[in-house]
Amino acid sequence: MPLLVLLMLLAQDFSHRGFVEASANIFPQEAVNDSAHFVGEVRLQHEGFYKPWKNLQFAESFDLRIDSHHQTEREFRLDWKDEGRQRALFSLRRLSVQYYHGGLTVEAGKQLVRWGRTEIINPTDRFAPRDFLTVVDSDFLGVDAVRATYERGADTIDFIWSPRVTTGRIPLPNQRWFVPPEGAPAFQVERQLPERSQTGVRWSHIGVVEFAAAFYDGFDYLPSYEVTPGSLVVREIYPELRMFGGDIEVPLPLVSIKGEAGYFQSPDRRADDYVSYVIQLERQTGEWFFIGGYGGEVITREGLQSAEFNPVRGLTRTILAHAGYTIDANRSVDFEAAVRENFDGFWSRNEFSQAFGQHWRMTVGFTLIRGKPTDFLGQYRKNSHAMVAVRYSF
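Residue indices follow the written sequence of each chain, beginning from 1 at its first position. Totals for whole chains, interfaces and linings use every residue, but because this is a predicted model, local features are given only for residues with pLDDT of at least 70 and side-chain atom pairs only at 80 or more, for both listing and counting. Derived side-chain values reflect all non-hydrogen atoms in the structure, with water molecules and hydrogen atoms excluded from consideration.

So, unusual backbone geometry
Across the chain, the bulk of peptide bonds are trans and the bulk of non-glycine residues have phi less than zero.
Alright, step 1. Its identity is not glycine, yet aspartate 82 carries a phi of approximately 55°, on the positive side.
Alright, step 2. Structurally, aspartate 82 is set in the loop between strand 4 (78-79) and strand 5 (90-101).
Alright, step 3. Even without glycine at this site, phenylalanine 343 takes up a positive phi of about 65°.
Alright, step 4. Here the term buried applies to any residue with accessible area under 20% of the maximum for its type, exposed to any over 50%, and partly exposed to those in between, with areas from a 1.4 Å probe on protein chains only. For phenylalanine 343, a relative accessible area of 67% translates into the label exposed. For the purposes of this entry, the term helix denotes a DSSP run of H or I that reaches at least four residues, the term strand denotes a run of E that reaches at least two, and both are numbered from the N terminus.

Spelled out as structure tokens, the structure:
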């Protein structure tokens, strides 16, 4: 009987949620190095929260997934670090403990960290590496970190220390989202992972006008490539990086104006120094919301690296748009687009979602990509695809 009472008490302090989703992507065209037209995936995601005391909470989240295209490993193991080229079959997204006292919150462990406030591009979001295996459908990865947040009145200080770099996941060389340079011979990639820790601090203020300032000292979580003439070995490096940035939101009667910018400086002469910025307008009217803006970049010093893979920078110098309409309690449509300012590249995603009861939802959509092969977006022009997903949430 005491054990039964204990289990009942534990159950009262435990909450969880999650989903099981089956999805399929259908590609009408063959890519340069991938003739497959269909990629299917099944994914289980679970989140749990246990709060034994008022000031203490444990949180966990994991993914269990498999796909038809070997984007996921076939080895069953628990992956914590997210360092594999492929997605892990069983991976931890979050495992952390949170302590609350007054205005102070401290979280330690693997966690998801988001900074900034703009759509599609977030220049200051430096502790949020992404899974870019399918470039235009990215998901965030957790980082090992200690995060202390202190709120007092309208001001918040957020301090983060991470003992290691969690790198972003990039397209696999034998699949359609990897576009090999034309005429390039077979080469071997030698990976050089960073070894020291990262730190960051962000101060934000809430009022009639909301704004924040942020600083980051660490590494770029996306790789650059160093090519030696005459060698078939390409070095994959993650340059040191410092970021000074901030964001702002100004509400006006008709629209809200949001802006976010970061100055990126590297002591590694192989990397660029540059300014990345976004400015956007937002409006909600009835069941519609509209977001439109521009993402820009100014290079202040060109580095010496031969190439890089960076979708965040690849989406700059573009006109950005996002709109959605709620048809009723069960149905909605969503549109996103990025158009290069010189019209060399174009990407759009259009989705319709329908709920069936409390647990089931079906989503269908189509992603269209067009442009010149020399443009970051245009190089994926053969990857336009249709999508269908069925999700059961619990």
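A closer look at the sheet that holds strand 11 (residues 188-191)
Alright, step 1. One requirement defines pairing of two strands: DSSP has to find at least two bridges between them. Taken in spatial order, the four strands line up as 11-15-14-20 in an open sheet, and their pairing is mixed. Unpaired on one side and paired on the other, strand 11 and strand 20 (307-308) mark the two borders of the sheet.
Alright, step 2. Two elements, strand 14 (residues 224-227) and strand 15 (residues 233-237), share four bridges in a ladder whose sense is antiparallel. Residue pairing in the sheet places glutamate 226 in a bridge with arginine 235 of strand 15.

Section: the pairing of strand 17 (residues 256-265)
Every regular strand shows the same layout, with side chains that alternate between the two sheet faces.
Alright, step 1. In terms of strand pairing, strand 16 (residues 240-251) meets strand 17 through ten bridges, oriented antiparallel. Within the sheet, the bridge partner assigned to arginine 242 lies in strand 17 and is glutamine 265.
Alright, step 2. Between strand 16 and strand 17, which pair antiparallel in sequence order, lie four residues.
Alright, step 3. Here strand 17 pairs with strand 18 (residues 273-285) via nine bridges, running antiparallel. What sits directly across from alanine 261, in strand 18, is tyrosine 277.

With respect to the confidence of the model for the chain
Alright, step 1. Across the chain, the average pLDDT comes to 93, with 96% of residues at 70 or higher.
Alright, step 2. Here residues 1-8 is a poorly scored stretch, pLDDT under 50, and it has zero contacts once near neighbours within four places are set aside; other chains count. Values of pLDDT, which run from 0 to 100, indicate the predictor's confidence residue by residue. Contact criterion: two residues are considered in contact whenever any of their non-hydrogen atoms come within 4.5 Å of each other.

Points about the nonpolar core
Alright, step 1. Nonpolar core, defined: a set of buried Ala, Val, Leu, Ile, Met, Phe, Trp, Tyr and Cys residues in which side-chain atoms within 4.5 Å join the residues together. Among the nonpolar cores identified, the biggest contains 24 residues, and Ile121, Trp177, Phe309 and Tyr380 are the most heavily contacted of them.
Alright, step 2. With residues near it in sequence (within four places) discarded, phenylalanine 309 still touches Phe132, Val135, Ile170, Pro171, Leu222, Pro223, Tyr225 and Tyr380.

Some remarks on empty space enclosed by the protein
Alright, step 1. Grid points spaced at 1 Å over the protein atoms alone were grouped into cavities, where a 1.4 Å probe fits but cannot get out, and pockets, open sets with protein on both sides within 12 Å along at least five of seven lines, with lining residues defined by an atom within 4 Å of a point. Grid points are joined across faces, edges and corners, and a volume is the space filled by probe spheres set on the points. Under the counting rule described, the total for this entry stands at six cavities of 30 Å³ or more.
Alright, step 2. The space that makes up the largest cavity amounts to roughly 150 Å³.
Alright, step 3. The wall of the largest cavity is formed by 15 residues, among which Asp63, Arg65, Asp82, Ser91 and Leu141 lie closest to the centre.
Alright, step 4. Listing elements by their share of the lining of the largest cavity, those giving two or more residues are strand 3 (56-67), strand 5 and strand 8 (139-140).
Alright, step 5. Here the lining of the largest cavity takes three residues from strand 5, the largest share from any one element.
Alright, step 6. Gly is placed with the polar residues, together with every amino acid not listed as nonpolar (Ala, Val, Leu, Ile, Met, Phe, Trp, Tyr, Cys and Pro) or charged (Asp, Glu, Lys and Arg). Here the lining of the largest cavity is built from residues that sort into four nonpolar, two polar and nine charged.

Some details on the environment of leucine 78
Alright, step 1. With respect to the helices and strands, the residue leucine 78 is situated in strand 4.
Alright, step 2. Excluding residues within four positions of it along the chain, leucine 78 makes contact with Phe90 and Leu92.

Some thoughts on the packing of aromatic side chains
Alright, step 1. Each Phe, Tyr or Trp ring (for Trp, its six-membered ring) is paired with any other whose centre lies within 6.5 Å, and the angle between the two planes then decides the class: stacked below 30 degrees, edge-to-face above 60, tilted in between. Inspection of every chain in the model, using the stated rule, returns 16 aromatic pairs.
Alright, step 2. With centroids separated by 5.5 Å and ring planes inclined at 80°, the aromatic side chains of phenylalanine 62 and phenylalanine 90 adopt a geometry described as edge-to-face. Taken together, the residues phenylalanine 62 in strand 3 and phenylalanine 90 in strand 5 connect sequence positions 28 residues apart.
Alright, step 3. Among the aromatic residues, ring-to-ring pairing joins Phe27, Trp177, Phe376 and Tyr380 into one connected group.
Alright, step 4. Just above the ring of tyrosine 274 sits the side chain of arginine 313; from NZ or CZ to the centre is 3.9 Å.
Alright, step 5. Should the NZ of a Lys or the CZ of an Arg lie within 6 Å of a ring centre and within 35 degrees of the ring normal, that charge is described as sitting over the ring. The ring of phenylalanine 19 has arginine 391 sitting right over it, with the charged end atom 3.6 Å from the ring centre.

Some details on the side chain of glutamine 198
Alright, step 1. The residue glutamine 198 is located in strand 12 (residues 198-205) in this model.
Alright, step 2. What makes glutamine 198 buried here is its relative accessible area of 5%.
Alright, step 3. A distance of 3.3 Å separates the side chain of glutamine 198 from the backbone oxygen of arginine 164, its partner in a polar contact.
Alright, step 4. Setting aside chain neighbours within four positions, we find glutamine 198 in contact with Phe127, Ile160, Trp161, Ser162, Arg164, Val165, Tyr216, Asp217, Gly218 and Phe219. Definition of a polar contact: a pair of N or O atoms within 3.5 Å, with one able to donate and the other able to accept a hydrogen when the atoms are protein atoms, and with sequence-neighbouring residues admitted only if both atoms are side-chain atoms.

Digging into the pattern of salt bridges
Alright, step 1. The salt bridge criterion pairs a side-chain nitrogen of Lys or Arg with a carboxyl oxygen of Asp or Glu, the two atoms within 4 Å. A complete count under the given rule lists 44 salt bridges for this structure.
Alright, step 2. Put simply, arginine 147 and aspartate 158 hold a salt bridge, and the shortest N to O gap is 2.7 Å. Of the two residues, arginine 147 sits in strand 9 (residues 143-152) while aspartate 158 sits in strand 10 (residues 155-162), which places them eleven residues apart along the sequence.
Alright, step 3. For glutamate 240, the salt bridge identified is with arginine 196, shortest N-O distance 3.1 Å. Of this pair, glutamate 240 sits in strand 16 while arginine 196 is found in the loop between strand 11 and strand 12, placing the two residues 44 residues apart along the sequence.
Alright, step 4. Note on glutamate 240: relative accessible area 30%, which makes it partly exposed.
Alright, step 5. A cluster of three or more residues bridged by salt bridges with shared partners is formed by Glu41, Arg43, Asp63, Arg65, Asp82, Arg87, Arg93, Lys110, Asp131, Asp139 and Arg169.

Describing a nonpolar patch on the surface
Alright, step 1. Surface patches are drawn from residues lacking salt bridges whose relative accessible area is over 30%; two like charges belong together within 9 Å, two nonpolar side chains (Val, Leu, Ile, Met, Phe, Trp, Tyr) within 5 Å. With residues, only the protein chains shown are counted as cover, and all accessible areas are computed by Shrake-Rupley using a 1.4 Å probe. A surface patch of nonpolar side chains, amounting to about 800 Å² of accessible area, comprises Val20, Val42, Ile66, Phe356, Trp360, Met362, Val364, Val390, Tyr392 and Phe394.
Alright, step 2. For the nonpolar patch, the secondary structure elements donating two or more residues are strand 24 (360-371) and strand 25 (385-393).
Alright, step 3. With three residues, the single largest contributor to the nonpolar patch is strand 24.
Alright, step 4. The residue isoleucine 66 is located in strand 3 in this model.
Alright, step 5. We classify isoleucine 66 as partly exposed; its relative accessible area is 34%.

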